[in-house]
Amino acid sequence: MEIVRKSLAEKREDTNISLGAERAAGKAVADAAARARRLADDLVEHERIIIDERLRKFRDNADFALARERIASDAPPGLVAPERTLADKATQGEREIHDTVTADERQRSDAAIQVQRREQAAGPVELARRADTDEKLGAERRRVDSAVTFLGSTEQALSFAEAEVGRRSNVLAMVAHELRNPLSIISMNADFIADRAVDPEVREPATEVQHSVARMSRLLQDLVDLARIEGGSLRIVKRPVDAGAFLSEILAAYGPLFSKRGSTFTCEPQAPGIVVTFDHDRIVQVLSNLLCNAMKFTPRGGAVSLLLERRADNIELTVKDTGPGIAAHLLPHVFDRFWQGSSDPGTGLGLGLYICERIISAHSGRIWVESELGRGTTFRFTLPQLPC
């Protein structure tokens with residue numbers, strides 16, 4: 001019996017050793033997979049920053065060319081006379097309004113004088129009734145004054161709270177801005193090492209630093225935008241933009257990046273005659289976020305499409321992917337602040353889609369998501385179309 005027990009104990013110990021080795025191997029595989037995912041995401045952020053900067057430079061060059069054309073053009077003849085006619089009509093309209101207001105004031109003044117005369121001719125009973133009414137009105141005024149005083153205190157407290165929120169937002173924006181300077185130095189040195197290093201053991205860590213710096217830069221930009229949104233200072237500069245040219249920019253910038261990752265990216269840039277009013281850089285930021293998310297979650301061999309459709313008084317842009325999709329119970333939270341669809345570390349702060357929603361709202365548009373597990377995800381948003 002003792003021999004059997006000893007044999008069972010030895011087998012149990014061998015089994016425990018074997019299971020421990022399998023667990024360690026599994027953990028190593030999981031850690032390696034997580035590191036690979038993080039590096040892939042960092043690479044996307046690094047290339048996204050390069051593309052965004054390229055799009056901004058393209059826009060600036062186009063603006064410069066348009067400005068030169070406007071300066072070189074002559075003013076159309078006969079423009080001064082119509083302007084003067086419009087000014088005269090506006091002045092005449094103001095005078096008519098002023099005369100109407102003056103007549104109304106005179107009527108009210110005459111009515112007040114008539115009331116005063118009737119009061120002077122009233123008897124003792126009427127005077128007593130009016131005295132009682134005045135007393136009640138006095139009590140009501142005192143209650144109103146008390147309520148106004150309380151309301152003033154409440155408004156003061158709210159003003160203080162808003163000022164405190166603004167102060168914290170300013171501190172957050174200032175800290176994020178100050179962190180950019182040392183981060184830029186790290187990025188330049190990492191670029192220098194990665195470009196000139198021959199030894200793979202030196203070049204690969206430098207490249208990893210490049211990608212991590214790009215991710216940190218994106219996180220800092222999200223924090224700055226969050227501070228601006230909460231402080232009410234998110235700057236939106238709207239102007240007319242040719243939708244077809246804009247889509248051509250996006251296709252030229254992101255097409256090679258999707259091809260590099262083994263995915264198909266389709267975009268229909270043909271949109272003749274469609275002019276939309278929006279902030280170019282901010283809408284680039286929205287599309288950059290949506291396209292990079294689609295790129296991260298679409299497997300190799302998958303497809304992502306960008307489509308523009310004209311509606312009655314706006315346009316609708318659609319970003320559709322063939323990724324794993326989003327569960328139905330998670331869809332209402334996609335645009336929540338700090339919401340993350342994945343619990344994996346290093347996936348960001350969960351601010352990207354929240355900032356996109358605030359940018360689209362600032363353009364008087366709306367953004368929403370449609371998805372089903374196993375059937376991909378579709379993001380749509382609208383922008384107002386410039387009236388012809």
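My aim in this report is to walk through the structure given alongside it, one point at a time. This one's a predicted model, so the numbers in the text were calculated from it and none came from an experiment. (Residues numbered from 1 in each chain as written. Predicted model: local features only at pLDDT ≥ 70, side-chain atom pairs only at ≥ 80, totals over all residues. Heavy atoms only, no water.)

Examining the overall build of the protein chain
Worth spelling out the cut-off: Under the scheme used here, helices are H or I runs from DSSP no shorter than 4 residues and strands are E runs no shorter than 2 residues, and both carry numbers assigned from the N terminus. Each residue's exposure class comes from its accessible area (1.4 Å probe, protein chains only) as a fraction of the maximum for that residue type: buried when under 20%, exposed when over 50%, partly exposed otherwise. Any two residues having at least one pair of non-hydrogen atoms within 4.5 Å are treated as being in contact. In this description, accessible areas are obtained by the Shrake-Rupley approach with a 1.4 Å probe, and a residue is regarded as covered only by the protein chains that are shown.
What the protein chain contains, in helices and strands, is seven helices and seven strands. Moving toward the C terminus, one meets the helices and strands of the protein chain in the order α-α-α-α-β-α-β-β-α-β-β-α-β-β. Residues classed as buried in the protein chain amount to 28% of the 388 residues present. Summarising the internal contacts of the protein chain: among those between residues at least 6 apart in sequence, 72% fall at separations of at least 24. In the form shown here, the protein chain has an accessible surface area of approximately 25300 Å², with 57% of it arising from carbon and sulfur atoms.

Brief notes about the sheet that holds strand 7 (residues 377-384)
For clarity, the threshold we go by: Here the rule is simple: two strands pair whenever DSSP picks up at least two bridges between them. The angle between two axes is taken between their N-to-C directions and runs from 0 to 180 degrees, where each axis is a line fitted to C-alpha atoms and a helix contributes only its stretch in contact.
With mixed pairing, the five strands of this open sheet are ordered in space as 2-4-5-7-6. Strands at the two margins of the open sheet, each flanked by one partner only, are strand 2 (264-267) and strand 6 (367-371). Direction aside, neighbouring strands of the sheet carry axes that sit 15 degrees apart on average. Inspection of the sheet shows strand 5 (residues 314-321) paired to strand 7 by seven bridges, in the antiparallel sense. The partner of Glu-316 across the bridge, within strand 7, is Thr-382.

Concerning a nonpolar patch on the surface
Here is the rule: A patch is a set of surface residues, each over 30% in relative accessible area and not in a salt bridge, joined within 9 Å for like charges and within 5 Å for the nonpolar side chains Val, Leu, Ile, Met, Phe, Trp and Tyr. A side-chain nitrogen of Lys or Arg and a carboxyl oxygen of Asp or Glu constitute a salt bridge if their distance falls within 4 Å.
A contiguous nonpolar surface patch, about 260 Å² in accessible area, is contributed by Phe-192, Ile-193 and Val-202. Inspection of the secondary structure puts Ile-193 in helix 3 (residues 124-196).

Describing the packing of helix 4 (residues 200-230) against helix 7 (residues 352-362)
Operational definition: Relative orientations are named as follows: roughly parallel for angles under 35 degrees, roughly antiparallel for angles over 145 degrees, roughly perpendicular for angles from 65 to 115 degrees, and oblique for any other angle. A clockwise turn of the near helix away from the far one marks a right-handed crossing, whereas an anticlockwise turn of less than a right angle marks a left-handed crossing. For this scheme, ten residues count as nonpolar: Ala, Val, Leu, Ile, Met, Phe, Trp, Tyr, Cys and Pro. Four count as charged, namely Asp, Glu, Lys and Arg, and the remainder, Gly too, count as polar.
Look at helix 4 against helix 7: their axes get within 10 Å of each other, and the N-to-C directions meet at 45 degrees. By the angle class used here, helix 4 and helix 7 are oblique. At the point where helix 4 passes helix 7, the crossing takes the left-handed sense. For the pair helix 4 and helix 7, the contacting residues are Asp-222, Asp-225, Leu-226 and Ile-229 in the first and Gly-352, Tyr-354, Ile-355 and Arg-358 in the second. Its residues assigned to classes, the contact of helix 4 with helix 7 comprises four nonpolar, one polar and three charged.

Thoughts on the nonpolar core
The nonpolar side chains of a soluble globular protein tend to be buried with one another. Cut-off, in case you're wondering: In this description, a nonpolar core means a group of buried Ala, Val, Leu, Ile, Met, Phe, Trp, Tyr and Cys residues linked to one another through side-chain atoms lying within 4.5 Å.
In this structure, Tyr-254, Leu-306, Phe-381 and Leu-383 are the most contacted members of the largest nonpolar core, which totals 50 residues. The leading source of residues in this core is helix 6 (residues 280-297), at nine residues. The residues touching Leu-383, leaving out its near neighbours within four places in the chain, are Val-276, Phe-278, Ile-283, Asn-314, Ile-315, Leu-317, Ile-360 and His-363.

Regarding helix 5 (residues 243-260)
Stated precisely, the cut-off is as follows: Expected span, for any helix, means 1.5 Å times one less than how many residues it has. Any N or O atom pair separated by 3.5 Å or less is treated as a polar contact, with the protein-specific requirement of one donor-capable and one acceptor-capable atom, and with residues adjacent in sequence counted only for side-chain atom pairs.
Compared with an ideal rise of 1.5 Å per residue, which puts 18 residues at 26 Å, helix 5 spans 26 Å between its outermost C-alpha atoms and is within 8% of the ideal. Inspection of helix 5 places Ala-243, Gly-244, Phe-246, Leu-247, Glu-249, Ile-250, Ala-253, Tyr-254, Gly-255, Leu-257 and Phe-258 among the buried residues, and these make up the whole buried set. In this structure Asp-242 caps helix 5, since a side-chain oxygen of it lies 3.1 Å from the backbone nitrogen of Gly-244. Gly-262, located one to two residues past helix 5, shows a positive phi value of around 80 degrees.

Things to note about helix 7
All buried positions along helix 7 are accounted for by Gly-352, Leu-353, Tyr-354, Ile-355, Cys-356, Ile-359 and Ile-360. Packing partners of the buried residues in helix 7 comprise helix 4, helix 6, strand 6 and strand 7. Positioned one or two residues after helix 7, Ser-364 has a phi angle of 65 degrees, which is positive.

A few points about the pattern of salt bridges
A full pass over the atoms with the stated rule returns 10 salt bridges. Residue Arg-228 pairs with Asp-225 through a salt bridge whose shortest N-O separation is 3.7 Å. A residue pair is termed a helical-turn pair when its members lie 3 or 4 positions apart in one helix, as Arg-228 and Asp-225 do in helix 4 at three residues. Among the salt bridges present, the one from Glu-316 reaches Arg-380, with a minimum N-O distance of 3.4 Å. Highlighted residues: Glu-316 in strand 5 and Arg-380 in strand 7, separated in sequence by 64 residues.

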